[in-house]
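# Residue-level structural notes
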Amino acid sequence: MKQKLVTIYLDNMAYAKGKAVGSFADKHGQAEEHLQTYLDDGWRIGSVSGFGGNSESISARGWFAVVLEK
């Protein structure tokens, strides 16, 4: 069995849609390594883990680590 690690970055400030400095609303939810392309190519999700997400300010950022299997 082959495995691949895909990361997805999430940022709650992205929902500000331009109301805050540094908003990346147009980029929110994009997979770093094109998750949908791998799924279309026959890979399946083996596991999903979250990490990060804590912040000292009003913003919260974190990652999903997705293990794909084929």
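About the cut-offs
Residue positions are given per chain, counted from 1 along the sequence in the order it is written. Only residues with pLDDT of at least 70 get local features here, since the model is predicted, and only at 80 or more are side-chain atom pairs given and counted; chain-wide, interface and lining totals rely on the full set of residues. Think of the side-chain values as coming from all heavy atoms in the structure, minus any hydrogens and water. Only DSSP runs of H or I covering at least 4 residues are called helices, and only runs of E covering at least 2 are called strands; the numbering of each starts at the N terminus. For the exposure calls, accessible area comes from a 1.4 Å probe over protein chains only, and a residue counts as buried if that area is under 20% of its type's maximum, exposed if over 50%, partly exposed in between. Contact criterion: two residues are considered in contact whenever any of their non-hydrogen atoms come within 4.5 Å of each other. Throughout, the Shrake-Rupley method with a 1.4 Å probe supplies accessible areas, and for residues the shown protein chains are the sole cover considered. Pairing of N or O atoms within 3.5 Å defines a polar contact, subject to two protein rules: one partner must be a possible hydrogen donor and the other a possible acceptor, and residues neighboring in sequence count only if both atoms are side-chain atoms. Ring pairs are drawn from Phe, Tyr and Trp, using the six-membered ring of Trp, whenever the two centres fall within 6.5 Å, and their geometry is named by plane angle: stacked under 30 degrees, edge-to-face over 60, tilted for the rest. Any residue with relative accessible area above 30% and no salt bridge may belong to a patch, with like charges joined within 9 Å and the nonpolar Val, Leu, Ile, Met, Phe, Trp and Tyr side chains within 5 Å. Any Lys or Arg side-chain nitrogen found within 4 Å of a carboxyl oxygen on Asp or Glu counts as a salt bridge. What makes a nonpolar core is a set of buried Ala, Val, Leu, Ile, Met, Phe, Trp, Tyr and Cys residues whose side-chain atoms join them at distances within 4.5 Å.

Once that is clear, we can look at the overall build of the protein chain. Each helix and strand in the protein chain was counted, giving one helix and three strands. The order of helices and strands in the protein chain, counted from the N terminus, is β-α-β-β. Out of the 70 residues belonging to the protein chain, those deemed buried represent 21%. For the protein chain, restricting intrachain contacts to residue pairs at least 6 apart in sequence, the fraction spanning at least 24 positions comes to 59%. In the structure as shown, the protein chain presents an accessible area of about 5,100 Å², 53% of it carried by carbon and sulfur atoms.

What follows deals with the side chain of E69. Turning to its location among the elements, E69 is positioned in strand β3 (residues 61-69). Side-chain polar atoms of E69 contact the side chain of Q3, separated by 3.3 Å. One polar contact links E69 to R44, side chain to side chain, over a distance of 2.7 Å. Sequence-distant contacts of E69, defined by excluding residues within four places in its chain, comprise M1, K2, Q3, G42, W43, R44 and G46.

Ring pairs (aromatic) are described by centroid distance and by the angle formed between their planes. Evaluated as defined, the whole model comprises one aromatic pair. Look at Y38 and W43: their rings are 6.4 Å apart centre to centre, the planes differ by 75°, and that puts the pair in the edge-to-face class. In this structure W43 comes out as buried when scored by relative accessible area, which is 9%.

Before going further, it helps to spend a moment on a nonpolar patch on the surface. Taken together, the side chains of I45, V48 and F64 present a nonpolar region at the surface, about 240 Å² in accessible area. Relative to the helices and strands, F64 is located in strand β3. By relative accessible area, which is 34% here, F64 ends up partly exposed.

Turning to the nonpolar core, a few remarks are in order. V6, I8, L35, W43, V66 and L68 form the largest nonpolar core, which has six residues in total. Contributions of two or more residues to this core are made by β1 (3-11) and β3.

As a further point, take the pattern of salt bridges. Think of it this way: side chains of opposite charge can pair up when their charged atoms draw near. All told, the structure shown has two salt bridges when counted by the stated rule. The residue E69 makes a salt bridge to R44 at a minimum N-O spacing of 2.7 Å. One end of the pair, E69, is in strand β3; the other, R44, is in strand β2 (residues 44-52), and 25 residues separate them in sequence. With relative accessibility at 48%, the residue R44 sits in the partly exposed group.

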